[in-house]
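Commentary on secondary and tertiary structure
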Amino acid sequence: MGSCPDKAGFNTLRQNRYIAMSVQMRLGRIVNSFLTRFGYKLVLYNGTSGQTFTEGQLLKALTELRAVYHEYVFKKELTTDEESLRLLSNSMYTGFGTGLYLVAYLHQSLTLEGDICEFGVAQGVISALLAHEIKNTRKNIWLFDSFEGLPEPSAKDILLDDFGNFGSIKAYKGSLSFPEDMVRTRLSHLQFPPDRIRIVPGFIEKTMNTQDLPKTVCFAFVDMNFYEPTILALNYLDTVLSPGGFIIIDDYDFFSQGAKCAVDEFFDSRKERYSRKFPLNSSGNFCILCRLS
Ligand SMILES: C[S@@+](CC[C@H](N)C(=O)[O-])C[C@H]1O[C@@H](n2cnc3c(N)ncnc32)[C@H](O)[C@@H]1O
């Protein structure tokens, strides 16, 4: 027959469990730093409830965080449902705060004419979120990616944050590469009408000249890290963005100096046509451009 531990015994038990958990989590992080390169990750499994940490506790925490954003950041209720949170919880490259801003500005643009675009889709996690948010509209989603990862950096791409520990900006060439099929499969799970999904595979330096492109856009997420593709996407969007529409550019002043350099150059020469906003410091490194006229 087992005996109940006394207070000291209980504390030791708790301490041991804590040590075991932190070793487990540290081990998990090491394994995940390897697995995530291939699009997989380990999650904590709770044997009693049968739930993973991500599905249960994470969703609850995200629901609370969303309420804080509603009340203090956007000062209004966002029309995100539980599926939006679930999709956001899968995101590897775009943080939760950034995701909520994306959804908030996307919804503000939905009454405008035009489709929505994502430039730089990687595994398509944010593509799935954006598609989910426009499912009940008639808008198309346009997804641009090389599916071969990052191109050669330009002289304006100076390394700011070596998040992958690659040692140099040049070493990032070819990283963040995921197969197009992974994006298609992810979108197929949403039951989004396939004829409203336009995937444009290839480096945009080439595809922007050769492919069919949207004639009008109301919202775009530009997330390609480097200077050349970012400035190219911005110059194109300038020709098709509806007045009142938004462009959100990720990695402003983060990772490579290129994205900031492209945004500053673009904005400085069009100040009469765009307003520029930045998020809360803790919400991510991005910039929001709104087309005024
Ligand atoms: C940071 S990831 C995008 C992450 C994604 N938006 C998300 O939040 O999950 C950057 C992506 O941009 C793509 N990319 C970078 N430069 C490109 C270019 N010149 N043409 C096409 N795709 C490019 C890369 O292949 C990579 O998948």
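Cut-offs and rules
Residues numbered from 1 in each chain as written. Predicted model: local features only at pLDDT ≥ 70, side-chain atom pairs only at ≥ 80, totals over all residues. Near = placed C-beta within 6 Å. Helix = DSSP H or I, 4+ residues; strand = E, 2+ residues; numbered from the N terminus. Nonpolar A, V, L, I, M, F, W, Y, C, P; charged D, E, K, R; others polar. Core = buried A, V, L, I, M, F, W, Y, C linked by C-beta atoms within 7 Å. Buried ≥ 20, exposed ≤ 12 C-beta atoms within 10 Å, placed from the backbone. Contact = placed C-beta atoms within 7 Å. Pairing = 2+ DSSP bridges. Right-handed = clockwise from strand over helix to strand, strands pointing away.

**What to know about the site of the ligand**
The environment of the ligand is formed by 24 residues, the closest being T94, G120, A122, D223 and P229. Listed by contribution, the elements that provide at least two residues to the shell around the ligand are α5 (125-134), β2 (141-145) and α7 (204-210). When its residues are assigned to classes, the shell around the ligand shows 14 nonpolar, seven polar and three charged.

**Focus: the nonpolar core**
Core analysis: the biggest nonpolar cluster contains 60 residues, and I116, L130, A220, V222, I247 and I249 have the highest contact counts within it. The greatest single-element share of this core, amounting to seven residues, is contributed by α5. Residues within four places of I116 in sequence aside, it is in contact with L106, L130, I134, K139, I141, V217, C218, F219 and A220.

**A closer look at α5**
For α5, the tally of buried residues reaches ten of ten residues, placing the bulk of the element in the interior. Considered for burial, the residues of α5 that qualify are V125, I126, S127, A128, L129, L130, A131, H132, E133 and I134. As for α5, its buried residues are in contact with α3 (82-89), α4 (96-109), β1 (115-119), β2, α6 (180-188) and β4 (217-222).

**A short note on the pairing of strand β5 (residues 241-250)**
Among the ten residues of β5, seven are classified as buried, and the element is accordingly described as predominantly covered. Relative to β5, β4 is paired through five bridges, and the arrangement is parallel. Each residue of the ladder has a partner; that of V217, found in β5, is L241. This β-α-β element, β4 to helix α8 (residues 227-240) to β5, shows right-handed connectivity. Taken together, the five bridges between β5 and strand β7 (residues 286-291) define a ladder with antiparallel strand orientation. Of the residues in β7, the one forming a bridge with I249 is C287.

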